[in-house]
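# Summary of the model geometry
Chain residues, written in single-letter form:
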Amino acid sequence: MGRKVTVATCALNQWALDFEGNLQRILKSESGAAGALWLGPGLPVAGYGCWDHYYESDTLLHSFQVLAALLESPVTQDIICDVGMPVMHRNVRYNCRVIFLNRKILLIRPKMALANEGNYRELRWFTPWSRSRHTEEYLLPRMIQDLTKQETAPFGDAVLATWDTCIGSEICEELWTPHSPHIDMGLDGVEIITNASGSHHVLRKANSRVDLVTMATSKNGGIYLLANQKGCDGDRLYYDGCTMIAMNGSVFAQGSQFSLDDVEVLTATLDLEDVRSYRAEISSRNLAASRASPYPRVKVDFALSCHEDLLAPVSEPIEWKYHSPEEEISLGPACWLWDFLRRSQQAGFLLPLSGGVDSAATACLVYSMCCQVCKSVRSGNQEVLADVRTIVNQISYTPQDPRDLCGRILTTCYMASKNSSQETCTRARELAQQIGSHHISLNIDPAVKAVMGIFSLVTGKSPLFAAHGGSSRENLALQNVQARIRMVLAYLFAQLSLWSRGIRGGLLVLGSANVDESLLGYLTKYDCSSADINPIGGISKTDLRAFVQFCIDRFQLTALQSILSAPATAELEPLADGQVSQTDEEDMGMTYAELSVYGKLRKVAKMGPYSMFCKLLGMWRHVCTPRQVADKVKWFFTKHSMNRHKMTTLTPAYHAENYSPEDNRFDLRPFLYNTSWPWQFRCIENQVLQLERAAPQSLDGVD
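Owing to the predicted nature of the structure, the values given are computational and were not obtained by experimental measurement. (Residues numbered from 1 in each chain as written. Predicted model: local features only at pLDDT ≥ 70, side-chain atom pairs only at ≥ 80, totals over all residues. Heavy atoms only, no water.)

## A few points about the overall build of the protein chain
Note the following rule: The secondary structure listing takes helices from DSSP runs of H or I that are at least 4 residues long and strands from runs of E that are at least 2 residues long, numbered from the N terminus. Computation of the radius of gyration draws on C-alpha atoms alone. For the globule rule, the value is 2.2 Å times the number of residues to the power 0.38. Note on classification: 1.4 Å probe, protein chains only; a residue is buried when its accessible area is under 20% of the maximum for its type, exposed when over 50%, partly exposed between these limits. A contact between two residues is defined here by any heavy atoms of the two lying within 4.5 Å.
Looking only at helices and strands, the protein chain has 24 helices and 20 strands in total. Taking 27 Å as the expected radius of gyration for a compact globule of 703 residues, we find that the protein chain reaches 29 Å, a close match to that expectation. Taken along its principal axes, the extent of the C-alpha atoms in the protein chain is 90 × 75 × 45 Å. Burial analysis of the protein chain (703 residues in total) assigns 57% to the buried set. Of all intrachain contacts in the protein chain linking residues separated by at least 6 positions in sequence, the fraction that spans at least 24 positions is 73%.

## Digging into the pairing of strand β3 (residues 80-89)
Spelled out, the test is: By the convention used here, strands pair only if DSSP detects at least 2 bridges between them.
With nine of its ten residues buried, β3 lies for the most part within the structure. By the bridge criterion, three bridges tie strand β2 (residues 37-39) to β3 in an arrangement that is parallel. For L39, the partnering residue across the bridge sits in β3 and is D82. Taken together, the nine bridges between β3 and strand β4 (residues 92-101) define a ladder with antiparallel strand orientation. Among the inter-strand pairings, M88 is bridged to a residue of β4, identified as R93. Turn length for the β3-β4 hairpin, with the two strands adjacent in sequence and antiparallel, is two residues, and the turn residue R90 shows positive phi of about 55°.

## Some words on the environment of L689
Its place among the elements puts L689 in helix α23 (residues 678-694). Sequence separation between L689 and Y367 is 322 residues; the distance between their C-alpha atoms is 54 Å.

## A few points about the domain arrangement of the protein chain
Put simply, the rule reads: Marked domain ranges trace back to an automatic or database domain assignment. Accessible-area loss on putting two parts together, using a 1.4 Å probe and summing over both, is the definition of buried area adopted here.
Assigned domains of the protein chain: these are domain 1 (4-306), domain 2 (325-570) and domain 3 (591-693). Look at where the C-alpha atoms of domain 1 and domain 3 centre, and you get two points 41 Å apart. Facing 13 residues of domain 1, the contacting portion of domain 3 comprises twelve residues. Across the interface of domain 1 and domain 3, roughly 1200 Å² is buried in total on both sides, 47% from carbon and sulfur atoms.

## Section: the nonpolar core
Test applied: Nonpolar cores are built from buried Ala, Val, Leu, Ile, Met, Phe, Trp, Tyr and Cys residues. Side-chain atoms within 4.5 Å join them into one set.
Grouped together as the largest cluster of nonpolar side chains are 66 residues, with contacts concentrated most on L337, F349, M369, L431 and L560. For this core, the element with the most residues is helix α10 (residues 357-378), which contributes 14 residues. Both domains that meet at this core, namely domain 1 (4-306) and domain 2 (325-570), each give it at least three residues. With near-sequence residues (within four places) excluded, L431 lies in contact with L353, A360, A363, A559, L560 and I563. Of all hydrophobic cores here, the second largest spans 49 residues; its members include L27, L70, L71 and F155.

## Details of the environment of W38
What counts here: Polar contacts, as used here, are pairs of N or O atoms within 3.5 Å; protein pairs need one atom able to donate a hydrogen and one able to accept it. Residues neighboring in sequence count only if both atoms are side-chain atoms.
Looking at the element boundaries, W38 is found in strand β2. On a C-alpha basis, the gap between W38 and E273 in space is 21 Å, while along the polypeptide they are 235 residues apart. Every residue in contact with W38, bar those within four places of it in the chain, is listed here: A8, C10, I26, S29, E30, A33, I79, I80, C81, D82 and V83. Within the structure, the side chain of W38 is placed 3.3 Å from the side chain of S29, a separation counted as a polar contact.

## A short note on the packing of aromatic side chains
How we decide: We call Phe, Tyr and Trp rings a pair once their centres come within 6.5 Å, taking the six-membered ring for Trp, and we label the pair stacked below 30 degrees between planes, edge-to-face above 60, and tilted otherwise. When the NZ atom of lysine or the CZ atom of arginine is within 6 Å of a ring's centre and also within 35 degrees of its normal, the charge is said to sit over that ring.
With the rule as written, the count across this model stands at 22 aromatic pairs. Ring centres 5.8 Å apart and planes at 85° place the aromatic pair Y48 and W51 in the edge-to-face group. Summarising the aromatic geometry, the rings of W51 and W125 are spaced 5.2 Å apart at their centres and angled 20° between planes, so their arrangement reads as stacked. Here W51, found in the loop between β2 and α2 (57-72), pairs with W125, found in helix α3 (residues 122-125); they are 74 residues apart in sequence, far enough to count as distant. Of the two residues, W51 and W125, both sit in the buried class. One aromatic cluster is present, built from ring pairs that chain together Y48, W51, Y54, Y120, W125, F126 and Y239. Here the basic side chain of R133 rests over the ring of Y295, its NZ or CZ set 4.6 Å away from the ring centre. The residue whose ring lies beneath K603 is F666, and the NZ or CZ to ring-centre distance is 4.5 Å.

## Concerning a nonpolar patch on the surface
Keep this limit in mind: The patches reported here contain residues having more than 30% relative accessible area and no salt bridge. Joining distances are 9 Å for like charges and 5 Å for nonpolar side chains (Val, Leu, Ile, Met, Phe, Trp, Tyr). Per-residue and other accessible areas were derived by the Shrake-Rupley procedure at a 1.4 Å probe size, with only the shown protein chains allowed to occlude residues. We define a salt bridge as a contact between a side-chain nitrogen of Lys or Arg and a carboxyl oxygen of Asp or Glu at a distance within 4 Å.
Residues I454, L457 and V458 make up a contiguous nonpolar surface patch of about 380 Å² in total accessible area. If you trace the backbone, L457 turns up in helix α14 (residues 445-459).

## Thoughts on helix α12 (residues 402-409)
The condition is simple: Think of the arc as the fan of directions from the helix axis to the C-beta atoms.
Listing the buried residues of α12 in full gives P402, L405, C406 and I409. In a view along the axis of α12, the buried residues occupy a sector of 100°, so they form one face of it. Between the side-chain oxygen at the start of α12 and the backbone nitrogen of R403 there is a gap of 3.2 Å, and the oxygen is on D401.

## Topic: the pattern of salt bridges
Scanning all chains against the criterion turns up 32 salt bridges. Of the charged contacts in the structure, one is a salt bridge between R408 and D404, with a shortest N-O distance of 3.0 Å. Here D404 and R408 lie together in helix α12, a separation of four residues that amounts to about one turn. With a relative accessible area of 32%, R408 lands in the partly exposed category. Overlapping salt bridges bring together R602, K603, R644, D667 and R669 as one network.

## Remarks on the environment of S169
Within the element layout of this structure, S169 appears in strand β9 (residues 166-171). What makes S169 buried here is its relative accessible area of 3%. With 131 residues separating them in the primary sequence, S169 and V300 have C-alpha atoms 15 Å apart.

## Describing the side chain of S641
Turning to its location among the elements, S641 is positioned in helix α22 (residues 626-643). Residues within four places of S641 in sequence aside, it is in contact with Y673, T675 and W677.

## Focus: the packing of α12 against helix α13 (residues 422-435)
In plain terms, the rule: Whenever a helix is involved, its axis is fitted only over the stretch in contact; in every case the axis is a line through C-alpha atoms, and angles between N-to-C directions fall within 0 to 180 degrees. Roughly parallel here means an angle under 35 degrees, roughly antiparallel means over 145, roughly perpendicular means 65 to 115, and every remaining angle is called oblique. Residue polarity follows a fixed list, in which Ala, Val, Leu, Ile, Met, Phe, Trp, Tyr, Cys and Pro are nonpolar, Asp, Glu, Lys and Arg are charged, and the others, Gly among them, are polar.
Axis separation between α12 and α13 bottoms out at 8 Å; the angle between their running directions is 120°. With respect to each other, α12 and α13 are oriented oblique. Where α12 abuts α13, its residues P402, R403 and C406 lie against Q433, Q434 and I435. Among the residues making up the contact of α12 with α13, the classes are represented as three nonpolar, two polar and one charged.

## What about helix α15 (residues 472-500)?
Rules: Expected helix span is given by 1.5 Å per residue-to-residue step, counting one fewer step than there are residues. Fitting one axis to the seven residues ending at a residue and another to the seven starting there, the bend at that residue is the angle between the two axes.
Over its 29 residues, α15 extends 40 Å from the first C-alpha to the last, a length consistent with the 42 Å expected when each residue adds 1.5 Å. The largest bend in α15 is about 40°, located at A494.

So, in structure tokens, the structure goes:
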């Protein structure tokens, strides 16, 4: 009797509601799966990010139509296929895995723990299956009955028993729960666990996923397959693959985290006897297994192994290779940009390039995208080549040099005013030359003068900058009108700059406000931070600076050196003797490093003003007095709440940080606050007074 099994998992770049494309990618992955068990990612039939489209009967209907096509396809024959789709059972919608073999549905397994935090709202559309180790009969739609010759199929929490092994399924979030299904399944003799995920990229997250899978098989033994969605399926998230096959605490196959391949298949040949011998000597596991409650078993007239497999080679364990955070930034948003560009059917990007770190980092991401595209074409990816030719509207074009490709799809624009310095203009031009973008320099002063002329004509008043004797209201209004005119010009050039050059199509406007500035609201509403998409909107200033340094080393973009060493500035106030008189950190009243701390405590640690004050007392005890900590916390919450309304209009941004203030789905908080926080600030003040009375001497030595 055989004992070696070849299993396959995959990462698919699915697109919400693209049933035709989703079907073709599933079929392509199954045809490339050299094994008897194939696992697809979470909800690949409809695409994971359908959101409120899950309410629609169309989504259910088209999902079953795709399932019918999969059942009929010759590439699914003699393979146990595990595919995800929404299913309605007794008028309740479930997120399900449909497992089938040779035109027979073996089991419909509904998800039992739904993802309902952060970016996920599965409880809005689905109901968790709460009947552990229980199955019911599901009446199949007539189109499926005609193919399978089955009236019903088992629906619920069960496992598959083949001739040679036992297979169980857990779905995405269930791996992350305190008592994951794989624990009880493993104790009940399940040897192969599949997990279909829709897990998005966050900086420094990959190790958590790998640790969970390896720990699951380390404690209980067994084989674990993880599939995941990849790419941008139509939203702010980038699903980052990281598919894997593990056994007994070791990884045997690793999928890429970032790539432009729409379909990636991972296979491994493993020996079931290794699972059995591994489990044999874990006495604590075997004692627990002897008391385990059994799962319903669906008997499958099929074997994953062959009779004569003694000489078949088996896979060897490997060490997981992680990307540095800087590499993650260079690859994740770049792949997201590529998906957005090709799927939106635009001809490229327009980026307002100011000569500062943020817009320079955004330009570098487009350049990194061009590098990935050229690399993918060189490796023979025909889909990427076809997409490039469509974007640049040249049927014979083959991208080889990233600078050449960048010149075709990226237009950078430096928008000078009388408040701009020559240094920032030079830095923007030099970076554009090094990455190869089509660069435009223009002056916005005539437009600013025209707009302010209208105001003066109507009111008879002419506002002044503070440097010229004006009030703070005048000063702020004069800054904002410049920023907003830049937004208007950015969209004008995005729509018509290619037309003016005799090239077909329009451009997507890229924003470049980082997550820290968004958190504080240090941006003008509807200024040039307002754009179509923002690839750095979920990345901190600290990480962006590290990424820019990475680009200097990786891409030899020496123009970035002067950008990195220059102080961050909006350049909206008059110059002083030709030099910048305005810096971001001075304007904000806090450093970018402090902002990152505030952001993580507010969102990730879920702290209000008083809790944050108490936490920072300990964190900053060597550098700040309690009074200084209190002042900093009050200032942050005052500014954050004053500007919270700006979060409702943030440009859709790549999600990369768990402290993102993005208002649309991730950070669900009010945008009208009592910005004086009277009760909360009084609690802080009372605590400061107590500390100052209790230990006046100990505070004297703090710098």
